[in-house]
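Listed below, chain by chain, are the residues.
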Amino acid sequence: MRINKPQLFRITIVLATFLNLLYLHYSVAGKFIGGRSPLYALLDVCILFFVPLLLVRFYRSILYILHILSTIFIAVNLGYSRYFDNYMPYSLYTKTENLAGLGPNVVNAYRWPDLFLLLILFLVSYFYFSQRKEKLKGRLWPLPVILTIVALVACGWITRNATHKDTPPELSATEGFAYHLTQSRAINPKDGILTYGFVLNGITDVYEEYQYSKTSKELTPEEKEFLSSKAVTIGDSIQMPKNIFFIMGESFSSAAISREQTPTLDSLCAVGIVARNTISLEKLGQSSDGQYTYLTGLYPYRKNVTINAIKAERVPSFVSLIKAEYPDFKSQMILPTERNYWQQDVMCERYGIDESFGNTDFGKAEWLNDEEVFQLAESRLSEDTKNTIQIILTCSTHSPYNDGENEEDSYLKKMQYADKCISGFVQTLRRYNLLESSLLIIASDHKPPTYDLPLEQYQEIPIIIAGCNLQHREIERQTTQADLFPTILDLMRIQNPWRGVGQSLLLPDSAFENYNQTAIMTKAQEISDKLILQSPILIP
């Protein structure tokens, strides 16, 4: 059977797109989806090209345009997925302003092998324009043959590796392949990691979001009971805070804190309450998720970027609850970026934060380094400062970590610099006689990205609370970012029925001896997902 030029072109386009999808699946998430990569890549191209392949008159141009669009989409998601272990949410495609200041990360997300995408695009483009000029005289017939061979080899390589990656050791090679082929989203290590391919995954996500939006957001009696934790009684030995200074560090890791590397953080750990085994809860929103959890006591939304999913105009934050209890308190957020970056201005209003200050208030157009951030924060303070909540975001420990001997060396150098800047701020608080009478909280927005720092020991983050005559205490149990919210309410003596989904860090470890962390976190996530879609949020 003789294959004519139109048929040859169709085969070439489908194979080229299939290979691009295989490259995306395996280079980013092969260890998670293993043998399903070829299956769902094939499903993607079948869905993507189903209608164009039925057309006759304009099929070549349509197929070529679709291939270009899919290549762009694959390239974008290749970089995004290496940092966030997921496809880029559709809600972010119109938020290109969020890339401001992230140039080094964008560049660092790609590797030389990614030129494979450009090579495929070049070959397809040459084929396409040769056909348009009617100059194809059998010279390009090897192209689809070569692409077919490469596709078959890639499928074999990936499916073989599927029996070696994350497979229960008791399974045979055949059973291992079947295990990966049938592994569902429900048991996937991270929900939505390139699962089902990008077309079906998008359709599935939209459908699930629609189905979830139709379910009741009212809390069940069991969920209300889950939220009925009581405030911890604070003794007179702990001073009532006159101010709260909350430093939210970028990608701080507990493993990076030591007397040699970070003497200031280490000294604060030695005199205050420290939780080193804190689970980072961030989802697709990363830093904004960390802010949301610390401020509200809720987990980030699972199915979208949290700040894009919020329905309510106001969300219950520890800032708004403190101001309701103590009307004289004022609040401010110090940012290294523009005030509207990642909707910070909108979210500050929702959290009840009175003012925000960013790089333009410091007289700069680019992001502020940590030294400049703390200078901006210090400019808002004086010896007379009281009844102030100041939330400070840092960014100098942001990835990529490529200016040292290796990723770890680079990261630790950035942590040393951050520690030095925190030391200067602590000295300012001490000079103004604010340190002992205020709460100084240091926590991390999220764990260091595994793509930039692929070391397991750096995946737990710290929460440090010092000042107000707090006695030193090392919390041994595993904690989460949501546990800071009720802790702040306790230290501020706020008897409010809303305490978030976390557990106060002031509770003794002995209270958690029979604590089922996995079950509790699952329930906390379900409740958080319900509440974020309520407008207004109905506090039990």
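Preceding this paragraph is the structure being described.
Residues numbered from 1 in each chain as written. Predicted model: local features only at pLDDT ≥ 70, side-chain atom pairs only at ≥ 80, totals over all residues. Heavy atoms only, no water.

Student: How do you make sense of unusual backbone geometry when you look at a structure like this?
Tutor: Note: most residues except glycine have negative phi, and most peptide bonds are trans. A positive phi angle is found at S251, which is not glycine, with a value near 55°. Mapped onto the secondary structure, S251 falls in the loop between β1 (243–249) and α10 (263–271). Residue classification places S251 among the buried residues on the basis of a relative accessible area of 0%. The backbone of N469 shows a phi angle near 65°, a positive value even though the residue is not glycine. Looking at where N469 falls in the secondary structure, it is placed in the loop between β7 (461–466) and β8 (473–475). Classification of N469 as partly exposed rests on a relative accessible area of 40%. (Helix = DSSP H or I, 4+ residues; strand = E, 2+ residues; numbered from the N terminus. Buried < 20%, exposed > 50% of the residue type's maximum accessible area, 1.4 Å probe, protein only.)

Student: Help me understand the pattern of salt bridges in this model?
Tutor: Two side chains of opposite charge can pair, provided their charged atoms sit close to one another. Evaluated as defined, the whole model comprises 15 salt bridges. Between R276 and E474 there is a salt bridge, with its nearest N and O atoms 3.0 Å apart. Taken together, the residues R276 in strand β2 (residues 273–279) and E474 in strand β8 connect sequence positions 198 residues apart. Exposure remark for R276: the relative accessible area of 24% places this residue in the partly exposed category. Residue classification places E474 among the partly exposed positions, given a relative accessible area of 28%. For R499, the salt bridge identified is with D490, shortest N-O distance 2.9 Å. In this structure, R499 and D490 share a single accessibility class: buried. When salt bridges that share partners are traced, they join E222, K523 and E526 into one network. (Salt bridge = Lys/Arg side-chain N within 4 Å of Asp/Glu carboxyl O.)

Student: Would you mind showing me how to read the side chain of K414 here?
Tutor: Secondary-structure assignment places K414 in helix α16 (residues 407–431). Within the local environment of K414, its side chain forms a polar contact with the backbone oxygen of H398, the two atoms lying 2.9 Å apart. (Polar contact = N/O pair within 3.5 Å; in protein donor to acceptor, adjacent residues only side chain to side chain.)

Student: Hey, could you run me through the packing of α10 against α16 in this one?
Tutor: When two helices pack together, their arrangement is given by the angle between their axes and by how far apart the axes lie. Put simply, α10 and α16 touch, their axes get as near as 7 Å, and they point 60° apart. Considered as vectors, α10 and α16 are oriented oblique to each other. When α10 is examined against α16, the residues P263, T264, L265 and L268 are found in contact with a partner set consisting of M415, D419, I422, S423 and V426. Looking at side-chain class alone, the contact of α10 with α16 contains 6 nonpolar, 2 polar and 1 charged residues. (Axes fitted to C-alpha atoms, helices over the stretch in contact; angles between N-to-C directions. Parallel < 35°, antiparallel > 145°, perpendicular 65-115°, else oblique. Contact = heavy atoms within 4.5 Å. Nonpolar A, V, L, I, M, F, W, Y, C, P; charged D, E, K, R; others polar.)

Student: Could you clarify how one ought to interpret helix α18 (residues 517–532) in this entry?
Tutor: Taking 1.5 Å of rise per residue, the 16 residues of α18 would be expected to cover 22 Å, and the 22 Å separating its terminal C-alpha atoms lies within 8% of that figure. Restricting attention to buried positions, one finds in α18 the residues Q517, M521, K523, A524, Q525, I527, S528, D529, K530, L531 and I532. (Expected span 1.5 Å × (residues − 1).)

Student: Can you walk me through the pairing of strand β6 (residues 439–444) in this structure?
Tutor: Side chains on a regular strand alternate between the two faces of the sheet. Summarising burial for β6: 6 of the 6 residues are buried, a large majority. Burial along β6 is two-sided: the residues L439, I441 and A443 and L440, I442 and S444 are all buried.

Student: Looking at this structure, I do not really get the environment of S317. What am I missing?
Tutor: With respect to the secondary-structure elements, S317 resides in the loop between α12 (306–309) and α13 (318–325). On a C-alpha basis, the gap between S317 and T293 in space is 9.2 Å, while along the polypeptide they are 24 residues apart. Here S317 is in contact with L295, T296, Y351 and F485, once residues within four sequence places are set aside.

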